[in-house]
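# Remarks on the overall topology
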Amino acid sequence: MIVEKRHFDGFTLLQVEGVIKLGESAQFFAQTLDRALANDEGHVIIDFSKINYIDSTGIGELVGYLGRFRDQRRKLILVNPSERITRLLEVARLATLFPIHDTVEEAMAQEGRPPEAVGEA
């Protein structure tokens, strides 16, 4: 699994490529989310356009970090998940928990910056 991190005004973009499944890739994914939570500011956008596969372990990591981001008044935003990943989220009744968008630009335009990114308390 490969992750490229980029920063935009009020957002951190994680462009993830490969598979997220039980083992090293899920552990690496969790570490990436943990670093974004601890070291970056603003909402985190995960670009799923190059994710070939995610299993229940990867979904579990997403859900676990969702609560941690919410505790900090931040969003974990999913962009361009495959039809399979979208169905998996829907079957598990998780699709409504995450903001999901077709493009990074759409996500940034519709989700807005968190209050701390715009100078509010």
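Here the structure is shown first, and the text comes after it.
The model shown is predicted, which means the values in this text are computed figures rather than measured ones. (Residues numbered from 1 in each chain as written. Predicted model: local features only at pLDDT ≥ 70, side-chain atom pairs only at ≥ 80, totals over all residues. Heavy atoms only, no water.)

### Digging into the environment of P81
Examined against the element boundaries, P81 turns out to sit in the loop between β4 (76-79) and α3 (83-91). On the basis of relative accessibility, which here comes to 13%, the residue P81 falls in the buried class. Along the sequence, P81 and F48 sit 33 residues apart, while their C-alpha atoms lie 4.9 Å from each other. Residues within four places of P81 in sequence aside, it is in contact with F48, T86, I100 and H101. (Helix = DSSP H or I, 4+ residues; strand = E, 2+ residues; numbered from the N terminus. Buried < 20%, exposed > 50% of the residue type's maximum accessible area, 1.4 Å probe, protein only. Contact = heavy atoms within 4.5 Å.)

### Concerning the nonpolar core
Counting residues in each nonpolar core, the largest one holds 25 residues, and the members touching the most others are I46, F48, L62 and L76. Elements with a contribution of two residues or more to this core: β2 (11-20), α1 (24-39), β3 (43-54), α2 (56-71), β4 and α3. Residues in contact with L62, not counting those within four places in the same chain, are F29, I46, F48, I54, L76, L78 and F98. F11, L13, V79 and V104 belong to the second-largest nonpolar core, a separate cluster that totals seven residues. (Core = buried A, V, L, I, M, F, W, Y, C linked by side-chain atoms within 4.5 Å.)

### Observations regarding the environment of L66
Within the fold, L66 resides in helix α2. Along the chain, L66 and L76 lie 10 residues apart, while their C-alpha atoms are 6.0 Å from each other. For L66, the residues in contact, after removing those within four places along its chain, are L76, L97 and F98.

### Overview of the pairing of strand β1 (residues 2-8)
Relative to β2, β1 runs antiparallel, the two sharing seven bridges. Looking at the pairing, I2 lines up with E17 of β2. Hairpin geometry of β1 and β2 is characterised by an intervening segment of two residues between the two adjacent antiparallel strands and by a positive phi of about 85° at G10. (Pairing = 2+ DSSP bridges.)

### Section: α2
The terminal C-alpha atoms of α2 lie 23 Å apart, and with 16 residues this matches the ideal 22 Å at 1.5 Å per residue to within 8%. Within the span of α2, buried status applies to G58, I59, L62, Y65, L66 and F69. Burial along α2 is one-sided: seen end-on, the buried residues are contained in an arc of 130°. In this structure, α2 carries S56 and D71 as exposed residues pointing more than 90 degrees from its buried face. Lining the buried residues of α2 we find β2, α1, β3, β4 and α3. For α2, the N-terminal cap is D55; the gap from its side-chain oxygen to the backbone nitrogen of T57 is 2.9 Å. Following α2 by one or two positions, R73 adopts a phi angle in the positive range, close to 60°. (Expected span 1.5 Å × (residues − 1). Arc of directions from axis to C-beta. Polar contact = N/O pair within 3.5 Å; in protein donor to acceptor, adjacent residues only side chain to side chain.)

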